[in-house]
Amino acid sequence: MSTDDADDLIFKALSHRIRRRMLDALKAGPATTGTLCAAFPELDRCTVMQHLGVLEEAGLVVAERRGRERWNHLDALPVHAIHERWIGPYAAYATSMLSRLKQEMELSE
């Protein structure tokens, strides 16, 4: 899978507010699917599983079977990769432009 394809999966996974909320819930630590279902009472178990499937396909969640339980673990490395490729460089560019604008404003005073 190309880097662009992997990025598309990550952006798709992050595009839905429920999946972002699930990732927020997993920041505190791994959770069983049952625990996530209880945390999202507005969703049925099948819908929770579908959202977890999208997150797993994107590499944002790693599932581990322990007996009858499925433990879901957050993997933040794909988000970090997106940050390194997209957010960090754009933030640095924006900061540079704002700094230059500030200097020009101070010189014109």
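Structure first, text after, so check above.
A quick note: this is a predicted structure, and the numbers were derived from the prediction, not measured.

**Some details on the overall build of the protein**
Of the regular secondary structure elements, the protein holds 5 helices and 3 strands. Written out in order from the N terminus, the α and β elements of the protein read α-α-β-α-α-β-β-α. By principal-axis analysis of the C-alpha atoms, the protein measures approximately 70 × 30 × 20 Å. A total of 109 residues make up the protein; the buried ones form 26% of that total. Relative to all contacts within the protein whose residues are 6 or more apart in sequence, the contacts with residues 24 or more apart total 50%. Summed over its atoms, the accessible surface of the protein is roughly 7500 Å², and 58% of this surface lies on carbon and sulfur atoms. Within the protein, the 16 negative side-chain charges are centred at a point lying 7 Å from the centre of the 14 positive side-chain charges.

**Considering the pattern of salt bridges**
A side chain of one charge can pair with a side chain of the opposite charge if their charged atoms are brought near each other. Enumeration over the complete set of coordinates arrives at 7 salt bridges. When the shortest N-O distance is used, the salt bridge between D4 and R85 registers 3.2 Å. Highlighted residues: D4 in helix α1 (residues 3-14) and R85 in helix α5 (residues 77-108), separated in sequence by 81 residues. What makes D4 partly exposed here is its relative accessible area of 44%. Across the pair E106 and K102 runs a salt bridge whose closest N-O atoms are separated by 4.0 Å. Residue E106 and its partner K102 are both found in helix α5; the two are separated by 4 residues, about one turn of the helix.

**Focus: the packing of α1 against α5**
Between α1 and α5, whose axes approach to 11 Å, the crossing angle comes to 115°. Here α5 runs roughly perpendicular to α1, going by the angle between their axes. The hand of the α1/α5 crossing is left-handed. Each of T3, D4, D7, I10 and F11 in α1 lies in contact with α5, whose residues at this interface are P78, I82, R85 and W86. Residue classes in the contact of α1 with α5 are distributed as 5 nonpolar, 1 polar and 3 charged.

**Here's the deal with the packing of aromatic side chains**
In this structure the tally under the stated criterion is 0 aromatic pairs. Lying over the aromatic face of W71, R66 brings its terminal NZ or CZ to 4.5 Å of the ring centre.

**Things to note about the side chain of T33**
Within the element layout of this structure, T33 appears in helix α3 (residues 33-39). Under the relative-accessibility criterion, T33 is labelled buried at 2%. A distance of 3.1 Å separates a polar atom in the side chain of T33 from a polar atom in the side chain of N72. When sequence neighbours within four positions are dropped, the list of residues in contact with T33 reads R45, M49, L52, R70 and N72.

**What to know about the state of the cysteines**
Counted by the stated rule, this structure contains 0 disulfides. The cysteine C37 is free of any disulfide, with C46 supplying the nearest cysteine sulfur at 9.9 Å. Its relative accessible area of 15% is what places C37 among the buried residues.

So, how was this worked out
Residues numbered from 1 in each chain as written. Predicted model: local features only at pLDDT ≥ 70, side-chain atom pairs only at ≥ 80, totals over all residues. Heavy atoms only, no water. Helix = DSSP H or I, 4+ residues; strand = E, 2+ residues; numbered from the N terminus. Buried < 20%, exposed > 50% of the residue type's maximum accessible area, 1.4 Å probe, protein only. Contact = heavy atoms within 4.5 Å. Areas by Shrake-Rupley, 256 points an atom, 1.4 Å probe, with all protein chains shown as cover. Lys, Arg positive; Asp, Glu negative; His and termini not counted. Charge placed at Lys NZ, Arg CZ, Asp CG, Glu CD. Salt bridge = Lys/Arg side-chain N within 4 Å of Asp/Glu carboxyl O. Axes fitted to C-alpha atoms, helices over the stretch in contact; angles between N-to-C directions. Parallel < 35°, antiparallel > 145°, perpendicular 65-115°, else oblique. Left-handed = near helix turned anticlockwise from the far one by under 90°. Nonpolar A, V, L, I, M, F, W, Y, C, P; charged D, E, K, R; others polar. Phe/Tyr/Trp six-rings, centres within 6.5 Å; stacked < 30°, edge-to-face > 60°. Lys NZ or Arg CZ within 6 Å of the ring centre and 35° of its normal. Polar contact = N/O pair within 3.5 Å; in protein donor to acceptor, adjacent residues only side chain to side chain. Disulfide = S-S within 2.5 Å.

So, to be careful, I would describe these as geometric facts and stop short of saying anything about function.
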